[in-house]
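# Structure assessment
This is what each chain is made of:
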There are 2 protein chains.
Amino acid sequence: MSQLIEAYNDQRAALIDADRALRVDRIRGPYHTVLEIKADQIVRSIRAEEARTVWGVEHDDVPSPFPGMEFITGKKIVVKTKLFQLLSKMPKGALLHTHVDLSVSPRATLDIALHHPAIHIQVPPALTTSNLASTVPRVMPQASDFSACTVALTDPNYPGDSWVPLRFARESFSPNMGGPEGFDKWLTESMSISSIAAYDTHNNNIKIWDKFAESAKLVCVSGMTHYAPMWPEYIKQFFKEIVEDGISYAECRFDFTPKHFMDAEGQDTATHLQWIKVFRDVAKEYKEELQAQGRGDEFAGAKMIYTVIRRVTPGELEWYLQDCIAMKQEFPDVIAGFDLVGDENANRPLIYYLSPLLTFRAECDSLSLDIPFLFHAGETCGDGSHADVNLYDALLLGSKRIAHGFSIVKHPKLMEMCRERNVALEVCPISNEILRLTASMPMHPLPILLNNGVPVTLNSDDGTLFNNVGITYDMYQVIAASDVTGLLTLAELARDSITHSMMSEDEKKMAREAWEKRWILFLENVVSLEAQTGVDAPLRN
Amino acid sequence: MSQLIEAYNDQRAALIDADRALRVDRIRGPYHTVLEIKADQIVRSIRAEEARTVWGVEHDDVPSPFPGMEFITGKKIVVKTKLFQLLSKMPKGALLHTHVDLSVSPRATLDIALHHPAIHIQVPPALTTSNLASTVPRVMPQASDFSACTVALTDPNYPGDSWVPLRFARESFSPNMGGPEGFDKWLTESMSISSIAAYDTHNNNIKIWDKFAESAKLVCVSGMTHYAPMWPEYIKQFFKEIVEDGISYAECRFDFTPKHFMDAEGQDTATHLQWIKVFRDVAKEYKEELQAQGRGDEFAGAKMIYTVIRRVTPGELEWYLQDCIAMKQEFPDVIAGFDLVGDENANRPLIYYLSPLLTFRAECDSLSLDIPFLFHAGETCGDGSHADVNLYDALLLGSKRIAHGFSIVKHPKLMEMCRERNVALEVCPISNEILRLTASMPMHPLPILLNNGVPVTLNSDDGTLFNNVGITYDMYQVIAASDVTGLLTLAELARDSITHSMMSEDEKKMAREAWEKRWILFLENVVSLEAQTGVDAPLRN
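Bear in mind that the values here come from a model prediction, so they are computed numbers and not experimental data.

Now for helix H21 (residues 487-499) of chain A. All names here are of chain A. In a regular helix each residue adds 1.5 Å, so 13 residues correspond to 18 Å; H21 covers 19 Å between its end C-alpha atoms and thus fits that length. Burial of H21 is extensive: twelve of the 13 residues sit out of reach of the surface. Looking only at H21, the buried set comprises Leu-487, Leu-488, Thr-489, Leu-490, Ala-491, Glu-492, Leu-493, Ala-494, Arg-495, Asp-496, Ser-497 and Ile-498.

This is the structure in structure tokens:
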């Protein structure tokens, strides 16, 4: 019998190996260093311990917690864990999927707005303790000669739908509702999707987009991030926050559907060209600022992905594609690619735009312009729906990466194509969960992608709306919900985020070298932490 | 440009074909008849219409409905659809995954119990309008000389935890709580998992098992289906209900962990042998009864799968494996296989039982006994957890089918093995959803299995607990949530349920011929329905 059992166990080990053979962490396993393996073991042991001591016990304000649970509810536990604190120090590589005008923390977005006297706020009727939680305000810059209302939003005499200066609204906020701090809490909470919306009132992938649109409108469309005087401060704050999280490069999607943004006078005159120039200049300045502080390794720069909402007509799209070409010609190092955005279930599929997209591709070729498609596709639970079928078109149109690609796990041939053509997926775990594509991280299809050898990067999507600025939160959810994925998986995804970026080969080389240097320092810290606290390191699973 | 678009569309059609090439409905596509294709188109058109007219509108009592939504909430809409009514008439083939002692409709279970004076009921304190919904009673047979309490459960003077005859409890139930009908409602609802438990208070895959255990205990462990005088009536009712649903054969898992069941005197003396003999005899009688009515095609018979809860020790398991061999020798045509059951996340993994299982396999070989393993494995959201890793062992131990296999979609090598070795998965969509492995049917991994060519059958698991007796409900959820899967997919799964059963080749041949005859009649009805109502038939997706 013992021989039989030994033979069985050999067979078993071989089968598990064969099953995981396409995983990036297995393929690169032979190149992992002793230091990397040691740190990985420490992280596995912290995870196992916290699964028991943190997630395995009841918490007063979080009923039935489990690793990888609903993020909005579980975040208050996540941030207290040793695993989260450790991951927050890890160098993350590139952030390849972020809608930049929805990506600064709510608090910082508000702080910037408060410094601009032109920013005003309105609510339908006066705020009361009973309507506060359900009221989402509008915020917008007004021209300098605008005569504002100066009645507190919480004053019963406030005339509904009247614009009040933002700072005044804050200072005059009724002490019964928390005064200025109460105002801040209310407004920042309005910018993010709440646990009640995601897990109760709008708990499905169709309905939750209403809440997404509501918060998105508050944050950017209403003006806070589409207002020229705020834009340089906003984008600088974005760079600061990602660098703080360990991200050293970003490709920022920006919605250029509005043909103009608001100028200092509150008029729609700011051009796409002005907008991109500011982005480029701020990125350059910030990079130089860090270099001057000896922190050059922390930031390799940033590019923009030109996006349009997939609600325009094919004829309208032609204008945007021409505009994108013009912007690329003006800013060849800034424009990283082109994409169509917005809820795929509700809006137009890629195939609807086939003719203008093929024309664009031919024109770029004839101009020797490299504007890769970086399409959103398959951000859906559909099976054969338009949104799901977008994946065929994204790949046939030569998309260099796929944004989300959530439903690609249904498509063996498309996963094979991604693997063979080296097309990476921009996976956004927390975004997927809050938008109800998956109920919690253990149900997320990421392990399927990894086990099929599909190139993957991790991303936050909309940091303001999901309260997950950076990549640490998403990494935490991913690693907490698995017994296979470990620190070295995350490291390979970070390495791949640089490889799959649209940086030039020279830029990539520099970014990669800087990352590897910081990675070794990080590993040394993890290992010295263990030496101090004496965590037992179990064998790898 | 038009040539370019034409070439693109050709490429696109070829890619979609390649991606779906492993699907059972594609592989057998060339053998589909004109009648089948016509009926499939009709079903697609009904589905599309009801997605708009039924699921696309608001209902008073079901907020935000969508096709494939949470079953407990959506069931009241499901049963009203034309698609459901149509599917309920389809011949289903074999039911390969049913825990038979939890599989009769709650109402019928209660009706049987009410005919047995020995059945008694107790509750902790007297029932009141405020504790009624949260009180789960205990039900159990008592010996004939038992002196029962005869105070109504709803009487404030009811002495807590006292056994009252079931029928008396019903008749004396307070009119304030609905009288006898109120009693029936309360008791039948206690047998099933409620929407509040599944979608609110116990809304995760770990916690929901408490509710599962609570209802399961009420239905069977307490005695209603483990009481010898009820067993023949119960099993007959089970056969009636599945035949009513169009199922013509069943392999019934039965938990033989209790070494004895209750006899007429309420004593634990009824043996496994007696239990199986009754099952065999009732199945035989019912088959003959149907044959006498000219309905022989409707029922090919039934077998039992011997199961033990995966909480026993390896030493204890040896007793059960010997018992299973003895039962197989006594009832070679009844015992279809062996399985270990119970929540895989909480209980012992297969590898824990390696030694006794290998010994059993060798012993069966030396006795020339065919008792295949039909293991539960991968009924989990885990990634590399014990429950997930069970899949490796199920396949290495030669399991002929896999029960659930929910997490196999993470394992490319294991899906390949199932495809090549022709190992079918017993997929239980509604069970998976209510046990919170998936939040709704659109998130269920079934399309991944189909697109990877993994053999699949559809099953209800525990019809009493999930209120989904038969296979129609599960088929409805599957077909409503997809734009690819259609009637002919369901037909191939029905054909495969016969192929993957443990019937002998002769039995299979007869069951298959009977199914094909009934299938043609069904198709003719579907098509004549269309001729009457004039549904437009769109092209297949």
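Additional details are given in the paragraphs that follow.
On to the relation of the copies chain A and chain B, then. The two copies are related by a screw motion: chain A maps onto chain B through a turn of 180° and a shift of 0.0 Å along the axis, at an RMSD of 0.0 Å. The relationship between the two copies is best expressed as a two-fold rotation axis. When C-alpha positions in chain A are compared against the rotation axis, the closest is assigned to Ala-439 of chain A, at 3.0 Å. The overlap is high: 100% of the interface residues of chain A also sit at the interface in chain B, so the same surface is used on both sides.

This structure, assessed with the given rule, holds zero disulfides over all chains. Cysteine Cys-418 of chain A is unpaired, with the sulfur of Cys-428 of chain A as its nearest cysteine sulfur at 15 Å.

Residues and elements named next belong to chain A. Each assigned domain of chain A is listed with its residue range as follows: domain 1 (86-104 + 225-519) and domain 2 (107-204). Averaged C-alpha coordinates put domain 1 and domain 2 at centres separated by 31 Å. Facing 19 residues of domain 1, the contacting portion of domain 2 comprises 20 residues. Interface of domain 1 and domain 2: buried area, both sides summed, is about 1,600 Å²; carbon and sulfur atoms make up 64% of it. Where domain 1 meets domain 2, there are zero salt bridges. Applying the counting rule to domain 1 against domain 2 returns nine residue pairs in polar contact (both at pLDDT 80 or more).

Attention shifts here to the nonpolar core. Ranked by size, the top nonpolar core spans 344 residues in total, and within it Phe-239 and Phe-338 of chain A together with Phe-239 and Phe-338 of chain B carry the most contacts. Those residues within four positions of Phe-338 of chain B in sequence are excluded, and the remaining contacts are Ile-305, Tyr-306, Val-308, Leu-317, Leu-321, Cys-324, Leu-357, Ile-371, Pro-372, Phe-373, Leu-374 and Phe-375 of chain B.

Mapped onto this numbering, the UniProt entry gives "domain: Adenosine deaminase" (unreviewed entry) at residues 238-511 of chain A. Helix makes up 45% of residues 238-511 of chain A and strand 15%, whereas the separation of the span's terminal C-alpha atoms amounts to 19 Å.

Across the boundary between the two partners, chain A contributes 54 residues, which contact 54 residues of chain B. Buried surface at the junction of chain A and chain B, both sides included, amounts to about 4,800 Å², of which 63% is carbon and sulfur. Looking only at chain A, the three residues that lose the most surface to chain B are Tyr-8, Leu-15 and Asp-383 of chain A, adding up to 15% of its buried area. At the surface where chain A touches chain B, the tally comes to two salt bridges. Among the salt bridges present, the one from Arg-12 of chain A reaches Asp-393 of chain B, with a minimum N-O distance of 2.7 Å. Counting every contact that joins chain A to chain B gives 18 residue pairs in polar contact (both at pLDDT 80 or more).

Right, let's talk about the sheet that holds strand S13 (residues 456-458) of chain B for a bit. Residue and element names in this part refer to chain B. One open sheet accounts for four strands, arranged S10-S11-S12-S13; its pairing is parallel. Each edge of the sheet is formed by a strand with only one pairing partner; in this case those strands are strand S10 (376-377) and S13. Here strand S11 (residues 401-404) pairs with strand S12 (residues 424-427) via three bridges, running parallel. Across the sheet, the residue bridging to Ala-403 is Glu-426, located in S12.

Our next topic: the environment of Phe-212 of chain A. All names here are of chain A. Relative to the elements of secondary structure, Phe-212 occurs in helix H10 (residues 208-221). Separated by 253 residues in the primary sequence, Phe-212 and Leu-465 place their C-alpha atoms 7.4 Å from one another. Discounting chain neighbours no more than four positions away, the residues touching Phe-212 are Leu-102, Ile-193, Leu-435, Asp-462, Leu-465 and Phe-466.

Calculation notes
Residues numbered from 1 in each chain as written. Chains lettered and ligands numbered in written order. Predicted model: local features only at pLDDT ≥ 70, side-chain atom pairs only at ≥ 80, totals over all residues. Heavy atoms only, no water. Helix = DSSP H or I, 4+ residues; strand = E, 2+ residues; numbered from the N terminus. Expected span 1.5 Å × (residues − 1). Buried < 20%, exposed > 50% of the residue type's maximum accessible area, 1.4 Å probe, protein only. Least-squares fit on C-alpha atoms with pLDDT ≥ 70 in both. Contact = heavy atoms within 4.5 Å. Disulfide = S-S within 2.5 Å. Domains from an automatic or database assignment. Buried area = accessible area lost by both parts, 1.4 Å probe. Salt bridge = Lys/Arg side-chain N within 4 Å of Asp/Glu carboxyl O. Polar contact = N/O pair within 3.5 Å; in protein donor to acceptor, adjacent residues only side chain to side chain. Core = buried A, V, L, I, M, F, W, Y, C linked by side-chain atoms within 4.5 Å. UniProt positions renumbered as here; feature names shortened; annotations may be inferred. Pairing = 2+ DSSP bridges.

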